[in-house]
Amino acid sequence: MKTLVVVTHPDIKSSVINKRWIEELNKYPEKYVVHQLYEAYPDEKIDVTAEQKLVELHDKIVFQFPYYWFNCPSLLKKWMDEVLTHGWAYGSKSGYKLSGKKIALAISLGVEEHELRPSEKYKYTLAELTRPFELSFEYVKADYQPLFAYYGMEYNTSEKWVEQSVPLYLDFLDSL
Ligand SMILES: Cc1cc2nc3c(=O)[nH]c(=O)nc-3n(C[C@H](O)[C@H](O)[C@H](O)COP(=O)(O)O)c2cc1C
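Cut-offs and rules
- Residues numbered from 1 in each chain as written.
- Predicted model: local features only at pLDDT ≥ 70, side-chain atom pairs only at ≥ 80, totals over all residues.
- Heavy atoms only, no water.
- Core = buried A, V, L, I, M, F, W, Y, C linked by side-chain atoms within 4.5 Å.
- Buried < 20%, exposed > 50% of the residue type's maximum accessible area, 1.4 Å probe, protein only.
- Helix = DSSP H or I, 4+ residues; strand = E, 2+ residues; numbered from the N terminus.
- Contact = heavy atoms within 4.5 Å.
- UniProt positions renumbered as here; feature names shortened; annotations may be inferred.
- Axes fitted to C-alpha atoms, helices over the stretch in contact; angles between N-to-C directions.
- Parallel < 35°, antiparallel > 145°, perpendicular 65-115°, else oblique.
- Nonpolar A, V, L, I, M, F, W, Y, C, P; charged D, E, K, R; others polar.
- Right-handed = clockwise from strand over helix to strand, strands pointing away.
- Pairing = 2+ DSSP bridges.

## Some details on the nonpolar core
Part 1 of the argument: Core analysis: the biggest nonpolar cluster contains 35 residues, and Phe63, Trp79, Leu98, Leu109, Phe133 and Phe137 have the highest contact counts within it.
Part 2 of the argument: By residue number, the principal contributor to this core is helix 4 (residues 74–83), which donates 5 residues.
Part 3 of the argument: Discounting chain neighbours no more than four positions away, the residues touching Leu109 are Tyr67, Leu116, Leu126, Ala149, Tyr150, Tyr151, Gly152, Met153 and Glu154.
Part 4 of the argument: Of all hydrophobic cores here, the second largest spans 20 residues; its members include Val7, Trp21, Val62 and Tyr150.

## A closer look at the UniProt feature "domain: Flavodoxin-like fold" (unreviewed entry) in the protein chain
Part 1 of the argument: In the numbering used here, UniProt assigns the "domain: Flavodoxin-like fold" (unreviewed entry) feature to residues 1–159.
Part 2 of the argument: In residues 1–159, the share of helix is 29% and the share of strand is 18%. The end C-alpha atoms are 32 Å apart.

## Considering the packing of helix 3 (residues 48–56) against helix 4
Part 1 of the argument: For the pair helix 3 and helix 4, interaxial distance at closest approach is 10 Å and the crossing angle is 90°. The orientation of helix 3 relative to helix 4 falls into the category roughly perpendicular. Contacts from Val48, Glu51, Gln52 and Val55 of helix 3 reach helix 4 at Trp79, Glu82 and Val83.
Part 2 of the argument: Its residues placed into classes, the contact of helix 3 with helix 4 shows 4 nonpolar, 1 polar and 2 charged.

## Observations regarding the pairing of strand 1 (residues 3–7)
Part 1 of the argument: The buried fraction of strand 1 is high, at 5 of 5 residues.
Part 2 of the argument: On strand 1, burial covers both faces: Thr3, Val5 and Val7 on one face and Leu4 and Val6 on the other are all buried.
Part 3 of the argument: The handedness of the strand 1 to strand 2 (residues 32–36) crossover, carried by helix 1 (residues 17–25), is right-handed.
Part 4 of the argument: Direction of pairing for strand 1 relative to strand 3 (residues 60–66): parallel, over a ladder of 5 bridges. Across the sheet, residue Val7 finds its bridge partner in strand 3, namely Gln64.

Next comes the structure, spelled out in structure tokens:
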């Protein structure tokens, strides 16, 4: 069973790291299905039925995105609001279509990891800041996994820094 990687990046052409990750994942079509939301829906009108079918076909789903304003890019929030419907994702016996599916986040960040600590500038860890995802996916009875994060993109855009992330990300995906 392949891992579905749902990528939400509003400007993938200018992306450094998410673009590199997509390029790598596309080398292994037998392992990963890459689904880019902004590419699929440039007008941001999400085909809910198509998205639900795609989710139903996969048991491991990773939401990959750059961290924007301590959150995900807006189209992913819209995806959650519209795709996780009552009767399909929750709220009826035949629902809970994500039940037992492994769900994880893979996030690139501008800041350094140490800045997201209680005594430092941004006060909260990324695990804390992503609790709405944790609670939402637990609400629909998915098997929410610890996230993958790659920090420091504001300070280190060197090829070496970016390349270092690639095997880490692949290992993370394969460990799900
Ligand atoms: C609108 C916007 C908001 C951002 N907010 C944050 C933020 O809250 N925390 C952070 O660490 N980085 C933030 N960044 C930096 C991005 O996370 C970073 O540039 C991105 O992860 C790099 O990935 P990419 O090369 O694929 O674009 C922000 C960037 C933009 C454009």
